[in-house]
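Structural description and commentary
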Amino acid sequence: MKRIEFVENKINFVVEVTDKNEVKFLHFSALPFDESTIGYGKDSFSLVEVLVSGLDRTGERQGPKYIHTAPGDNLKYKDLRDYRNEFGRKLEIIMCDENTGLEVCSNFQFYDGISVVRSWTEAFNNGEEELGLEYISSFAITGIEKEGLSRQDEKLLLYIPHNAWQKEFNWNMYRLTDLGLSVTQPLDRQHSSKVIEISNVGNWSTKEYLPMGYLENKETNSGLFWQIEHNGSWHWQISDKDGHLYINLSGPDEYHCHWWKKLKPGESFVSVPVGVGVTTGGIDNAIAELTKYRRIIRRKNLDNEKLGIIFNDYMNCLYGDPTEEKELPLIDKAKEVGCEYYCIDCGWYSDGYWWDGVGEWLPSKRRFPNGFKNLIDYIRSKGMIPGVWLELEVMGIKCRLAKALPDNWFFVRHGKRVYDRSRFQLDFRNPEVRKYADSIIDRLVNEYGVGYIKMDYNIEPGIGTEINTDSFGDGLLGHERAYLDWLDGIFKKYPDLVIENCSSGGLRLDYAMLSRYSIQSTSDQEDYRYYATIAANAPSGLTPEQAAIWAYPIIESNDEEVIFNMVNALLLRIHLSGNLDKLEERQLKLVKEALEIYKSIRNDIKKSLPFWPLGLSHYNDSWISFGLKCENRSYLAVWRRNSQMPTCELPIAHLKNKNVNIKCIYPKEENCKYKWNKESGILTVNLPNIVSARLFKIEY
């Protein structure tokens, strides 16, 4: 028996190779390893779960649970590679199954100074027969309940981020009993077929949930958190196993996601990467670690350094009906208030109804009688970088090209092209599709001078495609990986091009995409009052400097409503919209003032960490607060949303017992009261109107 045991970046990591040459993953925690906490069931602490077709599974009841997989249970230790690279320590644990010839390498990439590892699994068929992969874990750990003395259903809290169109970042907290995983037997005999599991099936990776979660142990004040970094189908599950609780994280599988992969002799497969971290002190600390990790794995780019201000003509403005006549006064006002990008949203390529005819991406002469290039040049003449909206992964059913192209350009199931909302899904595995997409980008950048693209995506093509693949789900996975490869090529060719990730707002909020894209549309929410919750919670799902928030002052608004609207975006990325050319002068000044404040603080935003004095927001909250902390100062946004009480107490843990200087920096005419209590660490704020908001700067 030998152990791989160390502490790296506050992660306590223990793997054991038993006398039977089996590899057991005994510990992954912010707390030190205590052998006595394992107790029973040590043989069940598998490092990897992998399921191959046609093999017998033994052990306890499994049902939808990925435990006691075959040949997962038979893998034997083969080799270890332990070295350092540019990010930090790298661990590769290699195992093999003599019966099938399957070799598995479990990868752990550590990052210096960050309590998160990136984990993935590689499978190699070194045998003489084909192997059918039904499941392979990217990360699997047993014993997630073992620390502390209380029962697991008393001490563990599971935070799950629900996500939906216009209702993104909707976190809820559950006890395990709330989700049906109760303790009903002695722990050493506790087993069931019940699974707490979250899956996504399809190309909208976050249409129901963000691919992440947080498990908190109240008794020990410790936690485990994760994100699955994939832009399609994925799955995670928590359940019991031989008296312990386990968590498995993966990309697509056969049972839930229609994915099955044939490995011929000599072939290999790499699972999707996942980020997994540990913490003490609660969910704020977990998200802070994730924020640091997300910045490390992200493509280096100037946009996340400069944090340019974008005007987009869509939301509560032109709503997909752009014309030269409408755009010109908006361009002038966008420049006047201080915008740095101007994006023309959907509709620019169609004379009329544009939804089902997309695909050729040629500008409408009717909408722009003096030429689209002329309008783009006008934007540049104002000192702003021009942008346009695209939806390159689809073609409308009325698009001329779609009718002429062969089926292998598109997703096909049961011999028929896949329709969704009058669009076909293009298949980026096809080199001709990628070549065509290249030509669109080349034309916009080189002929028209576009420097910003809003890349939208508004359909769900479902489980995948049957063309040139082993399964529907594998066709989908191949497309998603081909799309990412294509995107990498575009950024290599045009490194200064800013491309926004948008999928009906926030329906692809994953770090397969966000490790490439510098900016992400967070929502299509049209009500600025509800957008406050989305804005406050956005840094839970992505870094603040990538989270684009609509700020769209409404013509009929009073001053407080304009201020509320602008505060939504001031600690993140500004997507300004609305009919600026029709606002009263006083309200236009409030918009301009907000952008000036943003420019003065954005250098702090890109290196700050988020915190939530009132906890993550819910859509029925009457008070909302979210802040960013830097080295010697913090920024705090506070919203009053239909509260009958004008005063709110905001605990700020990291400032307790500190002398601070607090100032309301937006708006300059404060019209509010606030008081800091050093001993309690509470900032009390009194806001004047039933719907109002303020931005504070706190120096210490």
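For the structure, see preceding data.
Residues numbered from 1 in each chain as written. Predicted model: local features only at pLDDT ≥ 70, side-chain atom pairs only at ≥ 80, totals over all residues. Heavy atoms only, no water.

Between helix H12 (residues 559–567) and helix H13 (residues 585–605), whose axes approach to 10 Å, the crossing angle comes to 25°. Considering their axes alone, H12 and H13 lie roughly parallel with respect to each other. The way H12 lies across H13 gives a crossing that is right-handed. Contacts from Asp-559, Val-562, Ile-563 and Met-566 of H12 reach H13 at Arg-586, Gln-587, Leu-590, Val-591, Ala-594 and Leu-595. Along the lines of polarity and charge, the residues of the contact of H12 with H13 split into 7 nonpolar, 1 polar and 2 charged. (Axes fitted to C-alpha atoms, helices over the stretch in contact; angles between N-to-C directions. Helix = DSSP H or I, 4+ residues; strand = E, 2+ residues; numbered from the N terminus. Parallel < 35°, antiparallel > 145°, perpendicular 65-115°, else oblique. Left-handed = near helix turned anticlockwise from the far one by under 90°. Contact = heavy atoms within 4.5 Å. Nonpolar A, V, L, I, M, F, W, Y, C, P; charged D, E, K, R; others polar.)

Moving on: H12. Here H12 lies mainly inside the structure; 7 of its 9 residues are buried. For H12, every residue scored as buried is listed here: Glu-560, Val-562, Ile-563, Phe-564, Asn-565, Met-566 and Val-567. Of the residues that open H12, the one with a side-chain oxygen 3.1 Å from the backbone nitrogen of Glu-560 is Asn-558. (Buried < 20%, exposed > 50% of the residue type's maximum accessible area, 1.4 Å probe, protein only. Polar contact = N/O pair within 3.5 Å; in protein donor to acceptor, adjacent residues only side chain to side chain.)

Let us now look at the pattern of salt bridges. Opposite charge on two side chains makes pairing possible when the charged atoms of those side chains draw close. This structure, assessed with the given rule, holds 46 salt bridges. Put simply, Arg-516 and Asp-488 hold a salt bridge, and the shortest N to O gap is 2.9 Å. Residue Arg-516 is found in the loop between strand S30 (498–501) and strand S31 (519–521), and its partner Asp-488 is found in helix H10 (residues 472–493); the two are separated by 28 residues along the sequence. Its relative accessible area of 33% is what places Asp-488 among the partly exposed residues. (Salt bridge = Lys/Arg side-chain N within 4 Å of Asp/Glu carboxyl O.)

Empty space among the atoms becomes apparent when a probe as large as a water molecule is rolled across them. One pass over the full model with this rule turns up 5 cavities of 30 Å³ or more. For the largest cavity, the calculated volume is near 200 Å³. Taken together, 18 residues make up the lining of the largest cavity; nearest its centre are Phe-28, Ser-29, Ile-144, Glu-147 and Leu-224. When residues of the lining of the largest cavity are traced back to their parent elements, those giving at least two are strand S3 (23–29), strand S10 (139–142), strand S14 (212–217) and strand S15 (222–228). Counting residues per element, the lining of the largest cavity draws most heavily on S3, at 4 residues. The class makeup of the residues in the lining of the largest cavity is 9 nonpolar, 7 polar and 2 charged. One number sums up the size of the second largest cavity: a volume of about 50 Å³. If you go around the second largest cavity, the residues you meet are Leu-210, Pro-211, Met-212, Gln-227, Ile-228, Arg-294, Leu-509, Asp-510, Tyr-511 and Gly-541. For the lining of the second largest cavity, a count of residues per class yields 6 nonpolar, 2 polar and 2 charged. (1 Å grid on protein atoms, 1.4 Å probe; cavity = no way out; pocket = protein on both sides within 12 Å on 5 of 7 lines; lining within 4 Å. Points joined across faces, edges and corners; volume = space filled by probe spheres on them.)

Take unusual backbone geometry next. Backbone torsion omega between Ala-70 and Pro-71 reads 10°, so that peptide bond is classified as cis. The residue Pro-71 is located in the loop between strand S4 (50–52) and strand S5 (76–84) in this model. The peptide bond linking Tyr-666 to Pro-667 adopts the cis configuration, its omega dihedral lying at -5°. Summarising the element assignment, Pro-667 is placed in the loop between strand S38 (661–666) and strand S39 (673–677). Unlike most non-glycine residues, Phe-169 shows phi in positive territory, near 55°. Turning to its location among the elements, Phe-169 is positioned in the loop between strand S11 (156–162) and strand S12 (170–175). At Asn-316, a position not held by glycine, the phi torsion is positive, near 50°. Its location among the elements puts Asn-316 in helix H5 (residues 314–318).

With that out of the way, let us pick up the packing of aromatic side chains. The relation between two aromatic rings is expressed through the spacing of the ring centres and the mutual angle of the planes. A full pass over the atoms with the stated rule returns 42 aromatic pairs. When the ring of Phe-108 is compared with that of Phe-139, the centres are 6.5 Å apart and the planes differ by 85°; the resulting orientation is edge-to-face. Within this pair, whereas Phe-108 is found in strand S7 (residues 102–111), its partner Phe-139 is found in strand S10, the two being separated by 31 residues in sequence. Centre to centre, the rings of Tyr-419 and Phe-424 are 4.9 Å apart; their planes meet at 55°, and the pair counts as tilted. Since its relative accessible area comes to 54%, Tyr-419 is described here as exposed. Cluster of aromatic residues (ring-pair linked, three or more members): Trp-348, Tyr-349, Trp-354, Trp-355, Trp-361, Phe-368, Phe-372, Trp-389 and Tyr-448. Between the NZ or CZ atom of Arg-89 and the centre of the ring of Phe-6, over which it lies, the distance is 3.8 Å. (Phe/Tyr/Trp six-rings, centres within 6.5 Å; stacked < 30°, edge-to-face > 60°. Lys NZ or Arg CZ within 6 Å of the ring centre and 35° of its normal.)

Moving on to the layout of surface pockets. The computed volume of the largest pocket comes to approximately 420 Å³. If you trace the largest pocket, you find 22 residues lining it, with Arg-118, Pro-273, Ile-297, Ser-515 and Arg-516 closest to the centre. Of all the elements in the fold, those that place two or more residues in the lining of the largest pocket are helix H3 (283–297) and H10. Here the lining of the largest pocket is composed, by residue class, of 9 nonpolar, 3 polar and 10 charged. Taken together, 19 residues form the lining of the second largest pocket, with Ile-283, Asp-284, Trp-612, Pro-613 and Gly-615 sitting closest to its centre. For the lining of the second largest pocket, the secondary-structure elements that each account for two or more residues are S12 and H3. Of the residues contributing to the lining of the second largest pocket, the split by class is 11 nonpolar, 6 polar and 2 charged.

Quick look at the sheet that holds strand S27 (residues 419–420) now. With antiparallel pairing, 3 strands are arranged side by side in an open sheet as S24-S28-S27. Of all the strands in the sheet, just strand S24 (394–396) and S27 have a single pairing partner and so form its edges. Pairing analysis gives 3 bridges linking S24 to strand S28 (residues 423–425), with the strands arranged antiparallel. Each bridged residue has a counterpart across the sheet, and for Val-394 the counterpart in S28 is Gln-425. (Pairing = 2+ DSSP bridges.)

Moving on, we get to the state of the cysteines. What makes a disulfide is a covalent bond joining the sulfur atoms belonging to two cysteines. Applying the stated criterion to the full structure yields 0 disulfides. With no disulfide of its own, Cys-339 lies 11 Å from the sulfur of Cys-317, the closest cysteine sulfur. (Disulfide = S-S within 2.5 Å.)

In this section: the sheet that holds S39. Taking strand neighbours across the sheet as the criterion, the 3 strands line up as S37-S40-S39 in an open arrangement whose pairing is antiparallel. Among the strands making up the open sheet, the edge pair consists of strand S37 (647–651) and S39. Looking at each pair of strands side by side, their axes are set apart by 15° on average, direction ignored.

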